[in-house]
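Report on the structure
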Amino acid sequence: MAGADGDDSLYPIAVLIDELRNEDVQLRLNSIKKLSTIALALGVERTRTELLPFLTDTIYDEDEVLLALAEQLGNFTMLVGGPDYVHCLLPPLESLATVEETVVRDKAVESLRKISQEHSPVDLEVHFEPLVKRLASGDWFTSRTSACGLFSVCYPRVSSTVKAEIRQHFRTLCSDDTPMVRRAAASKLGEFAKVLELDYVKSDIISLFTALASDEQDSVRLLAVEACVSIATLLPQEDLETLVMPTLRQAAEDKSWRVRYMVADKFSELQKAVGPEITKNDLVPAFQNLLKDCEAEVRAAAANKVKEFCENLPEDSREQIIMTHILPCVKELVSDTNQHVKSALASVIMGLSTILGKDNTVEHLLPLFLAQLKDECPEVRLNIISNLDCVNEVIGIRQLSQSLLPAIVELAEDAKWRVRLAIIEYMPLLAGQLGVEFFDEKLNTLCMAWLIDHVYAIREAATCNLMKLVEKFGAEWAQNTIVPKVLGMANDPNYLHRMTTLFCINVSHRASNPKAPHASLPAPALSEACGQDITTKQMLPVVLKMSNDQVANVRFNVAKSLQKIGPVLDSKYVVFAFRLGAIFHIYQTATAASEVKPVLEKLATDTDMDVKYFAQEAISVLSLA
């Protein structure tokens, strides 16, 4: 590389060296990202003999540069000459696997795992396995943590002697003095167990699992819980009670809430791994305790698993276990002091109705649903309303309307406007689940009443709600059910109600609550949702008539409405203007020319400045000047 100045073919590596030594981090980063291009230019031999040694010697850089390098080297196999030479990539990756920054080490380990599959069994023992040993015996904890992620990828393809050495190294790391190393070993315990022979799982892995699950650091113990799932799936049923369950019982009652949280979070997987008998005898009491845990995070994690846990119970005793052991705990959680717990429960509790059947749902679950429907937390109410279809399937629409609907109507008429607002925004979701006939019979009047609410935010949300209902039920439903009532408000003595008619016709809305269903999607104006025919024949005459309203706010909203519905009106003819060789297409409707234009021209001479402004803007936008 010393003769780079005299050889044009070495120019790419010279550029790389210059940029890698540049003070600008971004230039160094860009250079690393071009490594594959430079390697192609150099060829496989010079990449092995010059580029890789240079990279290995210069691994003292910013973390983002090292991260990019670790990622690039994982895809370098063909650039160094294929699988026969893949071991050449090990030195720089080994160095990267020992650096202080965790994300760089993790990426280096990921690349090492990737290229390990490209080593032949011989090369794996000659080159890769010694690297793993060096990392596992390193002075710094960083190299030892990296080694933990490499045992499982080389173990299946090496000789028995080397396998014994690997197992010994892993045992040593599981009892390392540094908690970070024990944590890394615990996180890979399940993965390593999967590649071991069953005898060694029983003799080696179980003792390591027990030791890690009793570690003084809770961050180690919680990772042992995760490994428990993998270990339990590997062992025969008769060994589970003696080898795994004592440790699992201990974890479920651990003094650290983080460990108990991990048990709750992995409960369904543990349940499937240990089988029905152990579930009945051991996991049901453990699950009850988790649902009653003193920490809200643990209760929330357990509540989230209620439906899945109940579904996976043995069929012959499922109902009895739920009614006797699980349901009493669920009833307590419905009135929990923590909203995250209640929300987690509300997201799954409706699913119990399909498991327990109609009679139990009506007697035991409906009162809980009602309580959650009235909960002060919007997330809880949304989760219940979102899953009403589960209950509908079990108990039928009639029972549903008699039990839950009165509670929804009560909330919709609540004295607090924020409560009314929350129900409005869930109404399209509810309507979709109940169907058009039921909606018209029970909820339509309520939706129309919101349009004349004394709070503006309610009227605005009600208009948005109508648009979404039209989208759901179609233009024909709107023409028969909604449009006559909306247009009827144009004659209301209260000018605010008259303006609501115009808002429905011309304003596209977003939900005022960003957490509401489909809140990110704007609802189209009624004129857009209903289409040309209804807009031209029914809405336009009402809007034109309102241009004579005595209130200026109504008049300028007429101008805005005409601007909005202009493009929706049906086109009658097209005017082509030829100018400077270009063709301008001016689409102008006959309706706009004959009916809209005179009204807008009249409004453009109005005494009120705002009316004038919006009328002139509409004339300009609709090209009616």
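Residues numbered from 1 in each chain as written. Predicted model: local features only at pLDDT ≥ 70, side-chain atom pairs only at ≥ 80, totals over all residues. Heavy atoms only, no water.

Our working definition: UniProt positions are given in the numbering used here, feature names are shortened, and annotations may be inferred rather than shown by experiment.
If you look the protein chain up in an unreviewed UniProt entry, it shows as Serine/threonine-protein phosphatase 2A regulatory subunit A beta isoform from Merluccius polli. The Sequence similarities (unreviewed entry) comment attached to the protein chain in UniProt states, word for word, "Belongs to the phosphatase 2A regulatory subunit A family."

**Some remarks on the overall build of the protein chain**
Heads up, the condition is: Counting from the N terminus, the helices are DSSP H or I runs at least four residues long and the strands are E runs at least two residues long. The rule is simple: take the accessible area with a 1.4 Å probe, protein chains only, and divide by the maximum for that residue type; under 20% is buried, over 50% is exposed, in between is partly exposed. In what follows, residue pairs with any heavy atoms lying within 4.5 Å of each other are defined as contacts. Here the accessible surface of atoms and residues is derived via Shrake-Rupley with a 1.4 Å probe, and residues count as covered only by protein chains that are part of the display.
Helix and strand counts for the protein chain stand at 39 helices and two strands. Across the 625 residues that make up the protein chain, the buried fraction comes to 53%. Once local pairs closer than 6 in sequence are excluded, the contacts in the protein chain between residues at least 24 apart make up 67%. Counting only carbon and sulfur atoms, one obtains 51% of the accessible surface of the protein chain, whose full area is about 28400 Å².

**A closer look at the confidence of the model for the protein chain**
The line we're drawing: As a per-residue quantity, pLDDT reports the predictor's confidence and falls between 0 and 100.
Per-residue confidence for the protein chain gives a mean pLDDT of 83, with 89% of residues at or over 70. In this model, residues 1-7 is a region of pLDDT below 50 whose contacts with residues beyond four sequence positions or in other chains number seven contacts. Under a pLDDT of 50 for its full length, residues 570-589 has, in the predicted model, 29 contacts with residues more than four places off or in other chains.

**A closer look at the layout of surface pockets**
Selection rule: Each cavity reported here is a set of points on a 1 Å grid over the protein atoms alone in which a 1.4 Å probe fits but cannot get out, each pocket an open set with protein on both sides within 12 Å along at least five of seven lines, and each lining residue one with an atom within 4 Å of a point. Grid points are joined across faces, edges and corners, and a volume is the space filled by probe spheres set on the points. Gly is put with the polar residues, along with every residue not named as nonpolar or charged; the nonpolar set is Ala, Val, Leu, Ile, Met, Phe, Trp, Tyr, Cys and Pro, and the charged set is Asp, Glu, Lys and Arg.
When its volume is computed, the largest pocket comes out at roughly 290 Å³. In terms of lining, the largest pocket is formed by 16 residues, of which the most central are Asp106, Thr145, Ser146, Ala184 and Ser187. Contributions of two or more residues to the lining of the largest pocket are made by α7 (102-116), α9 (141-148) and α12 (179-187). Looking at the lining of the largest pocket, the element that brings in the most residues is α7, giving six residues. Of the residues contributing to the lining of the largest pocket, the split by class is five nonpolar, five polar and six charged.

**A look at the pattern of salt bridges**
Our working rule: Throughout this description, the term salt bridge denotes a Lys or Arg side-chain nitrogen within 4 Å of a carboxyl oxygen of Asp or Glu.
With the rule as written, the count across this model stands at 25 salt bridges. One salt bridge connects Glu50 with Arg46, and the closest N-O pair in it is separated by 3.5 Å. Here Glu50 pairs with Arg46, and both are found in helix α4 (residues 44-57), just four residues apart, close to one helical turn. Judged by relative accessible area, which is 16%, Glu50 ranks as buried. For Arg46, a relative accessible area of 22% gives the class partly exposed.

**Quick word on the environment of Leu131**
Counting through the fold element by element, Leu131 comes out in helix α8 (residues 121-136). On the basis of relative accessibility, which here comes to 0%, the residue Leu131 falls in the buried class. Each C-alpha atom, one on Leu131 and one on Pro91, is 8.6 Å from the other, the two residues being 40 residues apart in sequence. Among residues more than four places away in sequence, those in contact with Leu131 are Leu90, Glu94, Leu112 and Leu150.

**Some words on helix α5 (residues 63-73)**
Those residues of α5 lying buried are Val65, Leu66, Ala68, Leu69, Ala70, Gln72 and Leu73. Where α5 is buried, its residues meet α2 (25-33), α3 (35-42), α4, α6 (90-96) and α7.

**Focus: the side chain of Asn360**
Along the chain, the position of Asn360 falls in helix α25 (residues 352-373). Residues within four places of Asn360 in sequence aside, it is in contact with Glu319, Met323 and Leu365.

**Let's talk about a negative patch on the surface**
What counts here: The residues that make up patches have over 30% relative accessible area and no salt bridge, and they are joined within 9 Å when like-charged or within 5 Å when they are Val, Leu, Ile, Met, Phe, Trp or Tyr. Just so you know, the count uses Lys and Arg for positive and Asp and Glu for negative, and it drops His and the chain ends. Each charge is placed at NZ for Lys, CZ for Arg, CG for Asp and CD for Glu.
Taken together, the side chains of Glu62, Asp63, Glu64 and Glu100 make up a negatively charged region of the molecular surface. Among the structural elements, Glu100 can be located in the loop between α6 and α7. Look at Glu100 and you get exposed, because its relative accessible area is 71%.

**A word on the packing of aromatic side chains**
This is how it is decided: Aromatic rings from Phe, Tyr and Trp, with only the six-membered ring used for Trp, were paired whenever their centres fell within 6.5 Å, and each pair was classed as stacked if the ring planes differed by under 30 degrees, edge-to-face if by over 60, and tilted otherwise.
For the structure shown, the criterion picks out 13 aromatic pairs. With 5.6 Å between their ring centres and 90° between their planes, Phe151 and Phe170 make a pair best called edge-to-face. On the criterion of sequence distance, the pair formed by Phe151 in helix α10 (residues 151-154) and Phe170 in helix α11 (residues 160-174) is long-range, its members being 19 residues apart. When sorted by exposure, Phe151 lands in the same class as Phe170, which is buried. Each ring, one from Trp257 and one from Tyr261, has its centre 6.4 Å from the other, and the planes form 80°; the classification is edge-to-face. In this pair, Trp257 and Tyr261 both sit in helix α18 (residues 257-265), four residues apart, roughly one turn of the helix. Overall, the relative accessible area of 32% leaves Tyr261 in the partly exposed class.

**Here's the deal with helix α26 (residues 378-386)**
Structurally, the α-helix is built with 3.6 residues per turn, so residues lying three or four positions apart point the same way. Looking at α26, one finds that the buried residues are Val380, Arg381, Leu382, Asn383, Ile384 and Ile385. Turning to α26, the residues buried within the fold contact α24 (339-349), α25, α27 (388-403), α28 (405-412) and α29 (417-434).

**Quick notes on the packing of helix α20 (residues 276-291) against helix α23 (residues 318-334)**
Rule in force here: To define axes, lines are fitted to C-alpha atoms, for helices over the stretch in contact only, and angles between the resulting N-to-C directions are given on a 0 to 180 degree scale. Orientation is classified from the angle alone, with under 35 degrees giving roughly parallel, over 145 giving roughly antiparallel, 65 to 115 giving roughly perpendicular, and any other angle giving oblique. Crossing handedness follows the turn of the near helix against the far one: under a right angle anticlockwise gives a left-handed crossing, and clockwise gives a right-handed one.
Two elements in contact, α20 and α23, have axes separated by 9 Å at closest approach and are oriented at 10°. With respect to each other, α20 and α23 are oriented roughly parallel. For the pair α20 and α23, the sense of crossing is left-handed. Residues Lys280, Val284, Phe287, Gln288 and Leu291 of α20 form the contact with α23, whose own contacting residues are Ile321, His325, Ile326, Cys329 and Leu333. Each residue belonging to the contact of α20 with α23 can be placed in one class, and the counts come to seven nonpolar, two polar and one charged.

**A word on the nonpolar core**
This is how the line gets drawn: Take the buried residues of types Ala, Val, Leu, Ile, Met, Phe, Trp, Tyr and Cys, join any two whose side-chain atoms come within 4.5 Å, and each joined set is a nonpolar core.
Counting 215 residues, the largest nonpolar core has Ile231, Val306, Ile326, Ile349, Trp450 and Leu562 as its most contacted members. Ignoring sequence-local partners within four residues, the contact set of Ile326 consists of Phe287, Leu291, Val306, Phe309, Cys310 and Ile321.

**Some details on the side chain of Ser116**
Assignment of secondary structure puts Ser116 in helix α7. The exposure class of Ser116 is buried, given its relative accessible area of 0%. Apart from residues no more than four positions distant in its own chain, Ser116 is found in contact with Leu124, Phe128, Val153 and Arg157.

**Section: the packing of α24 against α25**
α25 packs onto α24 with a crossing angle of 145° between their chain directions and a minimal axis gap of 12 Å. Crossing of α24 over α25 shows left-handed handedness. Listed contacts from α25 to Lys342, Leu345, Ala346, Val348 and Ile349 of α24 are Leu352, Ser353, Leu368, Phe369 and Gln372. Counted by class, the contact of α24 with α25 contains seven nonpolar, two polar and one charged residues.

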